[in-house]
Amino acid sequence: MEPARVSAPVLPPLGDHLASPRLRSAMLVQQEALYAAREFLRGEGFTELLPPLIGPVTDPGGRGAKALDVDYYGQTYKLMTSAILYKQASLQGFPRLFYIAPNIRVEPPETAGTGRHLVEFHQIDVEIAGASREDAQAVAAGLLTRVVEHVWTTVPDILRELGRDEADFAELRAGKFDRCTHEEAVSRLAALGHAQSPDAEIDWEAERILSLDAGQPFFVDDYPKGSRGFYDREDPERPGVLRNFDLIAHGGYGELVSGSEREADYATIVTRMRESGENPAKYAWYLDVARRGLSPSAGFGMGLQRLVRFLTGLDALWQVSAYPKLPGVITP
């Protein structure tokens, strides 16, 4: 069950938006968040790569989002909805890597009013060879903690002017994160009066409800097989359960991070592709890498605009994007 449709906001003219004090404040916060993210990840031994913008195939796992096609010398290529497949391939030479990755996802028009969706956005995209889900979660938690601490240390006046209360981040800055399974989240939602399918991703309204009910960020583990992409590793000891996670912020801001252990076995990847309705032939270059040997790994993507919205407390992602493109809304 998805939330009732909310009409898309009316965006100001781009020139007015770029000149607004609110956007300037958000961009100063974003600048510090990126500084802290790079500092933290480099300190943890990660190498920053520049991600590809187009390729013969991209991540098929977006919730109803579509990729845009481009003509690449007579071949149909895709704009990246996520560079996850390239992250896996890159582990051969870079066992700890990250991107600040631009993504293009043609989201359904009804998502324009959620406050949480853009067609163009960026992710802090991390991948770690030989890592478990718990390793990836530790990096994600450390990254978020470092960013929040740095922003509150360097630009506290901006955050306060935007209406943020430092006390709301106390648990997070102390490194405290809660955890539940997808099954437990479904039960919690039922108790809160929201029907959530036990076989699907947690819907947008459910994320908001769980987020409002929380006092600190929390991980949701163990999504059911079929709810996520073929690259999320199935738990060998619990068939039908994926070794993946989301990190949901408190305060109503919803998902900040999505990640998983990755499937690295060639035959299993092909089987999972077919089970999810994907044609393996489309993934020829990726499967060639997998046949030669993918590194077992885990990783995640942290939405940059969602992170900045969480830090600033603003109402919608378009307010923290210099050049916002809302689903279904034609803008410069």
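About the thresholds
Residues numbered from 1 in each chain as written. Predicted model: local features only at pLDDT ≥ 70, side-chain atom pairs only at ≥ 80, totals over all residues. Heavy atoms only, no water. Helix = DSSP H or I, 4+ residues; strand = E, 2+ residues; numbered from the N terminus. Rg over C-alpha atoms; globule rule 2.2 N^0.38 Å. Buried < 20%, exposed > 50% of the residue type's maximum accessible area, 1.4 Å probe, protein only. Contact = heavy atoms within 4.5 Å. Areas by Shrake-Rupley, 256 points an atom, 1.4 Å probe, with all protein chains shown as cover. Lys, Arg positive; Asp, Glu negative; His and termini not counted. Charge placed at Lys NZ, Arg CZ, Asp CG, Glu CD. 1 Å grid on protein atoms, 1.4 Å probe; cavity = no way out; pocket = protein on both sides within 12 Å on 5 of 7 lines; lining within 4 Å. Points joined across faces, edges and corners; volume = space filled by probe spheres on them. Nonpolar A, V, L, I, M, F, W, Y, C, P; charged D, E, K, R; others polar. Core = buried A, V, L, I, M, F, W, Y, C linked by side-chain atoms within 4.5 Å. Salt bridge = Lys/Arg side-chain N within 4 Å of Asp/Glu carboxyl O. Polar contact = N/O pair within 3.5 Å; in protein donor to acceptor, adjacent residues only side chain to side chain. Arc of directions from axis to C-beta. Pairing = 2+ DSSP bridges. Axes fitted to C-alpha atoms, helices over the stretch in contact; angles between N-to-C directions. Phe/Tyr/Trp six-rings, centres within 6.5 Å; stacked < 30°, edge-to-face > 60°.

**Things to note about the overall build of the protein**
In step 1: Counting its regular elements, the protein contains 11 helices and 11 strands.
In step 2: The C-alpha radius of gyration of the protein comes to 19 Å, within 12% of the 20 Å expected for a compact globule of 332 residues.
In step 3: Overall, the protein is about 55 × 45 × 45 Å in size when its C-alpha atoms are taken along their principal axes.
In step 4: Sorting the 332 residues of the protein into buried and exposed places 53% on the buried side.
In step 5: Across the protein, contacts joining residues at least 24 apart in sequence account for 72% of those joining residues at least 6 apart.
In step 6: Here the protein displays about 14600 Å² of accessible surface, and carbon together with sulfur accounts for 51% of that area.
In step 7: For the protein, the distance from the average position of its 35 positive side-chain charges to the average position of its 47 negative side-chain charges is 3 Å.

**Points about empty space enclosed by the protein**
In step 1: Per the stated rule, a full pass over the model turns up 1 cavity of 30 Å³ or more.
In step 2: In this structure, the largest cavity occupies an estimated 670 Å³ of space.
In step 3: Along its surface, the largest cavity is lined by 38 residues, and Asp59, Arg105, Gln123, Glu255 and Ser258 are the ones closest to its centre.
In step 4: Counting only elements with at least two residues in the lining of the largest cavity, the list comes to helix H3 (84-90), strand E6 (120-129), helix H8 (204-212), strand E10 (254-261), strand E11 (297-303) and helix H11 (304-312).
In step 5: Ranked by residues supplied to the lining of the largest cavity, first place goes to E10 with 6 residues.
In step 6: Of the residues belonging to the lining of the largest cavity, the class tally is 10 nonpolar, 13 polar and 15 charged.

**Structural notes on the side chain of Asp125**
In step 1: The topology assignment puts Asp125 in strand E6.
In step 2: When residues no more than four places from it in sequence are discounted, the contact partners of Asp125 are Ser82, Ala83, Lys87, Leu97, Phe98, Tyr99, Ala101, Phe300 and Gly301.

**Re the nonpolar core**
In step 1: In this structure, Leu41, Ile124, Val126, Leu143, Leu144, Val147 and Phe300 are the most contacted members of the largest nonpolar core, which totals 55 residues.
In step 2: Considering every element that reaches this core, the biggest residue donor is helix H4 (residues 133-154), with 10 residues.
In step 3: If you look at the next biggest cluster of nonpolar residues, it comprises 16 residues, including Ile84, Ala89, Val270 and Val289.

**Some details on the pattern of salt bridges**
In step 1: Applying the stated criterion across every chain, the model contains 28 salt bridges.
In step 2: Of the charged contacts, one joins Glu134 and Arg243 as a salt bridge, the two residues approaching to 2.9 Å between their closest N and O atoms. A residue pair is termed long-range when its members are at least 10 positions apart, and Glu134 in helix H4 and Arg243 in the loop between strand E8 (218-221) and strand E9 (244-249) qualify at 109 residues.
In step 3: As a salt-bridge pair, Glu205 and Arg208 come within 2.6 Å of each other at their nearest N and O atoms. Of this pair, Glu205 and Arg208 both sit in helix H8, 3 residues apart, which is roughly one turn of that helix.

**Considering the environment of Glu261**
In step 1: Mapped onto the fold, Glu261 is located in strand E10.
In step 2: Residue class for Glu261 comes out buried when judged on its relative accessible area of 6%.
In step 3: Along the primary structure Glu261 and Glu134 are separated by 127 residues, whereas in three dimensions their C-alpha atoms are 9.0 Å apart.
In step 4: A polar atom in the side chain of Glu261 sits 2.6 Å from the side chain of Arg233.
In step 5: A polar atom in the side chain of Glu261 sits 2.6 Å from the side chain of Arg243.

**A few points about helix H9 (residues 266-275)**
In step 1: If you check which residues of H9 are buried, you get Ile269, Val270, Arg272 and Met273. What you see down the axis of H9 is that its buried residues fit within an arc of 165°, all on one side.
In step 2: Residues of H9 that are buried in the fold lie against helix H10 (284-293).
In step 3: One or two residues past the end of H9 sits Gly277, with phi positive at roughly 85°.

**Digging into the sheet that holds strand E4 (residues 75-79)**
In step 1: Strand order in this open sheet of 3 strands is E2-E4-E3, and the pairing throughout is antiparallel. With partners counted over all chains shown, the strands left at the sheet margins are strand E2 (54-55) and strand E3 (69-72), one partner each.
In step 2: In terms of strand pairing, E3 meets E4 through 4 bridges, oriented antiparallel. For Tyr72, the partnering residue across the bridge sits in E4 and is Gln75.

**Things to note about the sheet that holds strand E5 (residues 96-104)**
In step 1: Spatial strand order, E1-E5-E6-E11-E10-E9-E8-E7: 8 strands in an open sheet with mixed pairing. Looking at the sheet topology across the chains shown, the edges are occupied by strand E1 (47-48) and strand E7 (178-181).
In step 2: Sheet strands touched by H4: E6, E7, E8, E9, E10 and E11. Its angle to E11, the strand with the most contacts, is close to 30°.

**Observations concerning the packing of aromatic side chains**
In step 1: On inspection of all chains with the given rule, the structure shows 12 aromatic pairs.
In step 2: With centroids separated by 5.8 Å and ring planes inclined at 70°, the aromatic side chains of Tyr253 and Phe310 adopt a geometry described as edge-to-face. Of this pair, Tyr253 sits in the loop between E9 and E10 while Phe310 sits in helix H11, and the two are 57 residues apart along the sequence.
In step 3: Since its relative accessible area comes to 12%, Tyr253 is described here as buried.
In step 4: Consider the rings of Trp285 and Tyr286, whose centres lie 6.0 Å apart with planes at 75°: the pair is edge-to-face.
In step 5: A relative accessible area of 24% means that Trp285 is categorised as partly exposed.
In step 6: The class for Tyr286 is buried, based on a relative accessible area of 0%.

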